[in-house]
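An overview of the molecular structure
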Amino acid sequence: MKKATNIATWAVAAFLMIAINSCGSKKSLVKDGKNAHKTETQQKVGTDNALNSLEMQKARFLQMVADNAVYSDFINSKIKLKVQTGSKEITLPGVLRMHKDDVIRIQVQIPLLGTEAARLEFTKDYVLIVDRIHKEYCKGNYNQLDFLKRNGLTFSSLQALFWNQLFVPGADRIDQNSLKQLETDLANTASTPVRLKKGNMSYLWQTNSKTGQIEKTTIDYSSKQSGSTKVVVNYDNFVQLGVKQFPSQLTIDANTTALKGGAKKLNVNINMNNVNTDSDWELRTSLSKKYEEVSVENVLKRVMSL
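The structure displayed is predicted, hence computed values, not measured ones. (Residues numbered from 1 in each chain as written. Predicted model: local features only at pLDDT ≥ 70, side-chain atom pairs only at ≥ 80, totals over all residues. Heavy atoms only, no water.)

**Here we look at the overall build of the chain**
Put simply, the rule is: The helix count covers DSSP runs of H or I at least four residues long, the strand count covers runs of E at least two residues long, and both are numbered beginning at the N terminus. Accessibility here uses a 1.4 Å probe with only protein chains present; expressed as a share of the type maximum, an area under 20% marks a residue as buried, one over 50% as exposed, and anything in between as partly exposed. Should any heavy atoms of two residues lie within 4.5 Å, those residues are considered in contact. In this description, accessible areas are obtained by the Shrake-Rupley approach with a 1.4 Å probe, and a residue is regarded as covered only by the protein chains that are shown.
Scanning the chain from N- to C-terminus turns up 5 helices and 14 strands. Split into buried and exposed, the 306 residues of the chain put 39% on the buried side. When contacts within the chain are restricted to residue pairs at least 6 apart in sequence, long-range pairs at least 24 apart make up 47% of them. Of the roughly 18,200 Å² that the chain leaves accessible, carbon and sulfur atoms contribute 53%.

**Here's the deal with the pattern of salt bridges**
Operational definition: Basic side-chain nitrogens of Lys or Arg form a salt bridge, by our definition, when they fall within 4 Å of a carboxyl oxygen of Asp or Glu.
Using the criterion set out here, one finds 5 salt bridges in the structure. We note a salt bridge from E121 to R105, for which the minimum N-O separation is 2.7 Å. With E121 in strand β4 (residues 116-123) and R105 in strand β3 (residues 103-109), the pair connects residues that are 16 residues apart, well separated along the chain. With a relative accessible area of 0%, E121 lands in the buried category.

**Section: the nonpolar core**
Rules: Think of a nonpolar core as a cluster: buried Ala, Val, Leu, Ile, Met, Phe, Trp, Tyr and Cys residues, connected wherever their side-chain atoms sit within 4.5 Å.
Counting 55 residues, the largest nonpolar core has L166, L182 and W205 as the members making the most contacts within it. The element best represented in this core is helix α3 (residues 155-163), accounting for 6 residues. Filtering out sequence-adjacent residues up to four positions away, L182 remains in contact with L62, L166, V168, V194, R195, L196 and W205. Counting 5 residues, the second largest nonpolar core, distinct from the first, contains Y126, L128, Y137 and Y291.

**Concerning the side chain of T218**
Along the chain, T218 turns up in strand β10 (residues 214-223). Once residues within four sequence positions are removed from consideration, T218 is found in contact with S202, Y203, L204, K230, V231 and V232.

**Thoughts on the confidence of the model for the chain**
Basically, it comes down to this: pLDDT expresses how confident the predictor is about each individual residue, on a scale running from 0 to 100.
On average, the chain scores 81 in pLDDT, and the residues at 70 or more come to 75%. Low pLDDT, under 50, characterises residues 1-31; the predicted model gives this stretch 0 contacts beyond four residues in sequence or across chains.

**Concerning α3**
Because an α-helix packs 3.6 residues into every turn, residues spaced three or four apart end up facing the same way. Counting buried positions along α3 gives 8 out of 9 residues, so the element sits mostly inside the fold. The positive-phi residue at the C-terminal boundary of α3 is N164, with phi of around 60 degrees.

**Some points on the packing of aromatic side chains**
The way to describe two aromatic rings as a pair is by their centre distance and the angle between their planes. For clarity, the cut-off: Stacked, edge-to-face and tilted are the three classes for Phe, Tyr and Trp ring pairs, Trp counted by its six-membered ring, which pair at centre distances within 6.5 Å; planes under 30 degrees apart are stacked, over 60 edge-to-face, the rest tilted. Charge-over-ring contacts are defined here by two conditions on Lys NZ or Arg CZ: a distance within 6 Å of the ring centre and an angle within 35 degrees of the ring normal.
According to the stated counting rule, one finds 3 aromatic pairs in the structure shown. For the ring pair Y203 and W205, a centre distance of 5.7 Å and an interplane angle of 5 degrees mean the geometry is stacked. Taking relative accessible area as the criterion, Y203 reaches 6% and is therefore assigned buried. A cation sits over an aromatic face here: K139 above Y126, 4.2 Å from the ring centre.

**Examining the environment of W163**
Mapping W163 onto the fold places it in helix α3. We classify W163 as buried; its relative accessible area is 1%. On a C-alpha basis, the gap between W163 and M98 in space is 8.9 Å, while along the polypeptide they are 65 residues apart. Setting aside its immediate chain neighbours within four residues, W163 contacts V70, S72, D73, F74, I75, M98, H99, K100 and F246.

**Description of the pairing of strand β9 (residues 201-208)**
The condition that has to hold: Note: two strands are recorded as paired if DSSP finds a minimum of 2 bridges between them.
Pairing geometry for strand β8 (residues 191-198) and β9, over 8 bridges, is antiparallel. Note that in β9 the partner of K197 across the bridge is S202. Linking β8 to β9, which pair antiparallel, is a turn of 2 residues; within it G199 sits at a positive phi near 60 degrees. In this antiparallel pair of consecutive strands, β9 and β10, the connection spans 5 residues, and G212 shows a positive phi of 80 degrees.

Take a look at the structure:
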């Protein structure tokens, strides 16, 4: 009996030891499970934080690019204008006058004489091309002028090109909402791209990775009905304009199939001298009754023959 009691005692003791060990193992498994869950949560939080950090870096960079825009509402300069199309090339002096969100005017002069030969004026509402020599002009809104309509060009897009700024179609100015539509790829290279795709238009800005300054802009327009156009603007020779930098040299290369007569290539080089912020000039061109209104093709043909 005593032996049986001892065996029973040892059996109970063994059972209790197993039970205790089992409880300990269970607690350990639960604890390990909690740690595993905690580790997965930490990894997810770490990934989310990394993504959020990258998005914040991109947002800060885009804001830096936008903040490079000059503060002045006026930009003026004497210019040397070189235009090349096909085998023909002309170099003429002139004047560039711009009022933000209002007008861009290029006045072309006769060499040595300084007399104005032609004028190209873009406003928010219309485009005016004037041939001073033959007393001819054409005027129309952006939908009426085929060479603009077929290339998908508006006043806002032209202004962004001339003012060395970002541009989002439909937005009057670059703000937080419009910046969210832009994409960028941050990389350890000298140049950082900023992209936008909108309908038939695609935009690519090549910016300085350190300063965010726009150094090159490419606009592509493609339409089955109207053809395709590619405009590339390179910016160089930045000068101080207030507290900001502004490019005093623009090189514009345009290739289009949207004009009559087949594919066309155009190269325009604008060299500015004495860039200033003078506001003492007439914002709109007035013409006397001596000027005859003609088609845009006639005016451009006249101007290119100068």
